[in-house]
Amino acid sequence: MKRRAIGVYAATILIIYFAWYALSLMLGSNILPDPFRVFIRGFEEIATTAFWVHVEASLLRLLAALFFAFILAVPAGLVLGSNERLDGLFAPLIYLGYPIPKVVLMPVIFVLFGLGDLGKVVLITMIIFFQLLITTRDSARKIDREITYSLRSLGGGRLDYFFHVVWPVSLPGIFTSLRIGVGTAVAVLFLVESIATSEGLGFYIIDSWGRAEYATMFVGIIALSIIGIVMYEIFELLERKFCKWKNL
């Protein structure tokens, strides 16, 4: 990471810290605990096994949802984006399915797949699926026909077309969609973990709120935010590694 970027991150953290501290003074520490108190509580929590059980549960659900969304949506998006006939055939289903807020289907998903991990992962996967599918399809559509003709004139087959043209052209869009999807997935994760579960940071936050342990509640909020930030940065680094040609 460049020094300038580190400086920007440090400045942002300091601004958030002082703004948080000022609000704590205005509202009162009983309503909004000051950041130093939250950090002290955080160090106490990370020393316990119970805290890491919640972190592990949330992380596994999130990773599972991202994995299944990726392996289902990306190949489908590549195929649809590079095949006009199939795209025209499935376009009505995508246009009808994408605008529906998937969160409202949560009761249906929980009835079909249960209130355990499976139901939670299915719901998050369903939401990220459409984001990845549409972005990947639109990226694959941008391929110039002249590139296709050039590849065929050199003797390239269908697999060559996918691996050497469609995949690299679509990859930046896929990483962008994954970064956006992480934010959505974390938000939905909090929602599903607040229902019928005893593990996960969503439950940890709601449980602390119910017991009026606001410092502990903020520890959970920060932990969930850190997971989202770290995964966002991981996809950013992966894009820089696998899409170096973008900067050429």
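Residues numbered from 1 in each chain as written. Predicted model: local features only at pLDDT ≥ 70, side-chain atom pairs only at ≥ 80, totals over all residues. Heavy atoms only, no water.

> So what exactly am I meant to see when it comes to the overall build of the protein here?
Counting secondary structure elements, the protein contains ten helices and zero strands. Beginning at the N terminus, the succession of helices and strands in the protein can be written as α-α-α-α-α-α-α-α-α-α. Residues counted as buried form 38% of the 248 residues belonging to the protein. Long-range contacts, defined as pairs at least 24 residues apart, comprise 73% of the intrachain contacts of the protein with a sequence gap of at least 6. Of the roughly 14800 Å² of accessible surface on the protein, a fraction of 70% belongs to carbon and sulfur atoms. (Helix = DSSP H or I, 4+ residues; strand = E, 2+ residues; numbered from the N terminus. Buried < 20%, exposed > 50% of the residue type's maximum accessible area, 1.4 Å probe, protein only. Contact = heavy atoms within 4.5 Å. Areas by Shrake-Rupley, 256 points an atom, 1.4 Å probe, with all protein chains shown as cover.)

> Before we go on, may I ask you to explain the nonpolar core in this structure?
It is characteristic of soluble globular proteins that their nonpolar side chains tend to be buried jointly. Core analysis: the largest hydrophobic core is formed by 54 residues, its most contacted members being L62, I124, L132, V192 and L201. Among the secondary structure elements, those contributing two or more residues to this core are α3 (49–82), α5 (106–113), α6 (117–141), α8 (158–192), α9 (201–210) and α10 (214–242). Among the elements that make up this core, the one with the highest residue count is α8 (13 residues). Ignoring sequence-local partners within four residues, the contact set of I124 consists of A65, A185, V188, L189 and V192. (Core = buried A, V, L, I, M, F, W, Y, C linked by side-chain atoms within 4.5 Å.)

> Would you take a moment to explain the packing of aromatic side chains for this structure?
Describing an aromatic ring pair means giving the distance of the ring centres and the angle of the ring planes. A complete count under the given rule lists eight aromatic pairs for this structure. Centre to centre, the rings of Y17 and F18 are 5.5 Å apart; their planes meet at 90°, and the pair counts as edge-to-face. The class for Y17 is partly exposed, based on a relative accessible area of 26%. For the pair F51 and W52, a centre-to-centre distance of 5.4 Å together with 80° between the ring planes defines the contact as edge-to-face. The class of F51 is buried, set by a relative accessible area of 5%. Residue class for W52 comes out partly exposed when judged on its relative accessible area of 46%. Its end group placed over the ring of F130, K102 keeps NZ or CZ at 4.5 Å from the ring centre. (Phe/Tyr/Trp six-rings, centres within 6.5 Å; stacked < 30°, edge-to-face > 60°. Lys NZ or Arg CZ within 6 Å of the ring centre and 35° of its normal.)

By themselves, these are just geometric observations and shouldn't be taken as functional.
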